[in-house]
Amino acid sequence: MIGDYLGTIEEYVPGDGTFAEDGKIFAASVGKSNLDKDKREVSVSTKNLGKPAVGQIVYGDVMGFRKNVVTIIVSKIKDFKGDVDFKSEIYVSNISDKYVEKPESLFGIGDIVEAEIVKIEGNTIDLSTKGDFGVVKAFCKVCRRPLVLSEKQEGTCDCDSCGNNEQRKISKNFNKVVL
């Protein structure tokens, strides 16, 4: 972790991902510490730490809506064992292969979404739920109970608790993903 003590400058040379202060070497980034005994250098590697990359499948919670945008807080990357935590967005044009007028008509606050990273630019991460991606767990907008797929109409969910029926951008993995 950042700030972890790794050694002294009498023992080692500070390498990548480290800093020295008052003769002591500390981690400057989150990662795995490495000791090169030949160079007598200590460094911190950030490889395989769940950094987002274009093409990865991610899972996150719907946190809010702005005009034509769904805000998602990503907590998992598919096939990565650890947790992550970064903000991302789904633009209305990346929600479905069909025309979508309002993102809030296909998502609800707290829904869990499966999406693909389609663009990373600076600190902005854009997701897409086109194709087979979408909501994997939905919650009723009235009573907040989990929704089940409706047998009446494709793309809708029913609340067994209050009887509410809601539309969603359904993932092929709806209610099949365990996070």
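Residues numbered from 1 in each chain as written. Predicted model: local features only at pLDDT ≥ 70, side-chain atom pairs only at ≥ 80, totals over all residues. Heavy atoms only, no water.

(A) Representation of the packing of aromatic side chains in the model. In total, this model carries two aromatic pairs according to the counting rule given. Ring geometry for Tyr5 against Phe26: centres 6.1 Å apart, planes inclined by 70 degrees, an arrangement best described as edge-to-face. Of this pair, Tyr5 sits in strand 1 (residues 5–8) while Phe26 is found in strand 4 (residues 24–27), placing the two residues 21 residues apart along the sequence. Taking relative accessible area as the criterion, Tyr5 reaches 46% and is therefore assigned partly exposed. When the ring of Phe19 is compared with that of Phe26, the centres are 5.5 Å apart and the planes differ by 25 degrees; the resulting orientation is stacked. Looking at Phe19, the relative accessible area reads 32%, which means it is partly exposed. (Phe/Tyr/Trp six-rings, centres within 6.5 Å; stacked < 30°, edge-to-face > 60°. Helix = DSSP H or I, 4+ residues; strand = E, 2+ residues; numbered from the N terminus. Buried < 20%, exposed > 50% of the residue type's maximum accessible area, 1.4 Å probe, protein only.)

(B) Just the sheet that holds strand 6 (residues 41–45), in detail. Spatially, 2-6-5 is the arrangement adopted by the three strands of the open sheet, whose pairing is mixed. Taken across any chain shown, the strands that pair with only one partner, and hence form the sheet edges, are strand 2 (13–14) and strand 5 (32–36). Taken together, the five bridges between strand 5 and strand 6 define a ladder with antiparallel strand orientation. By the bridge assignment for strand 6, Ser33 is matched with Val44. (Pairing = 2+ DSSP bridges.)

(C) Focus on the nonpolar core. Within the largest apolar cluster, 27 residues are counted, with the highest numbers of intra-cluster contacts made by Ile72, Phe86, Ile90, Ile95, Phe107, Val113 and Leu127. Where this core is concerned, the elements lending two or more residues are strand 7 (57–66), strand 8 (69–77), strand 9 (86–91), strand 10 (112–121) and strand 11 (124–128). In terms of residues, this core owes the most to one element, strand 8, which gives four residues. Setting aside anything within four residues of it in sequence, one finds Phe86 in contact with Pro52, Val58, Ile72, Ile73, Val74, Ile77, Ile117 and Ile125. (Core = buried A, V, L, I, M, F, W, Y, C linked by side-chain atoms within 4.5 Å. Contact = heavy atoms within 4.5 Å.)

(D) Here's a closer look at the pattern of salt bridges. Evaluation of the coordinates by the stated rule reveals four salt bridges. Glu89 is the partner of Arg66 in a salt bridge, and the nearest nitrogen-oxygen pair spans 2.8 Å. Of this pair, Arg66 sits in strand 7 while Glu89 sits in strand 9; the two residues are 23 residues apart in sequence, bridging distant segments of the chain. The exposure class of Glu89 is buried, given its relative accessible area of 10%. Residues Asp111 and Arg168 are paired through a salt bridge, measuring 2.6 Å at the closest nitrogen-oxygen approach. Of this pair, Asp111 sits in the loop between strand 9 and strand 10 while Arg168 sits in the segment after strand 15 (165–167); the two residues are 57 residues apart in sequence, bridging distant segments of the chain. Relative accessible area serves as the criterion here: at 0%, Asp111 is assigned to the buried category. Taken together, the shared-partner salt bridges connect Asp111, Glu166 and Arg168 into one network. (Salt bridge = Lys/Arg side-chain N within 4 Å of Asp/Glu carboxyl O.)

(E) Structural view of the pairing of strand 4. Note that strand 1 and strand 4 share three bridges and pair antiparallel. Note that in strand 4 the partner of Tyr5 across the bridge is Phe26. Pairing geometry for strand 3 (residues 18–21) and strand 4, over four bridges, is antiparallel. Bridging from a neighbouring strand, Glu21 pairs with Lys24 of strand 4. The antiparallel hairpin formed by strand 3 and strand 4 contains two residues in its connecting segment, where Asp22 sits at a positive phi of about 55 degrees.

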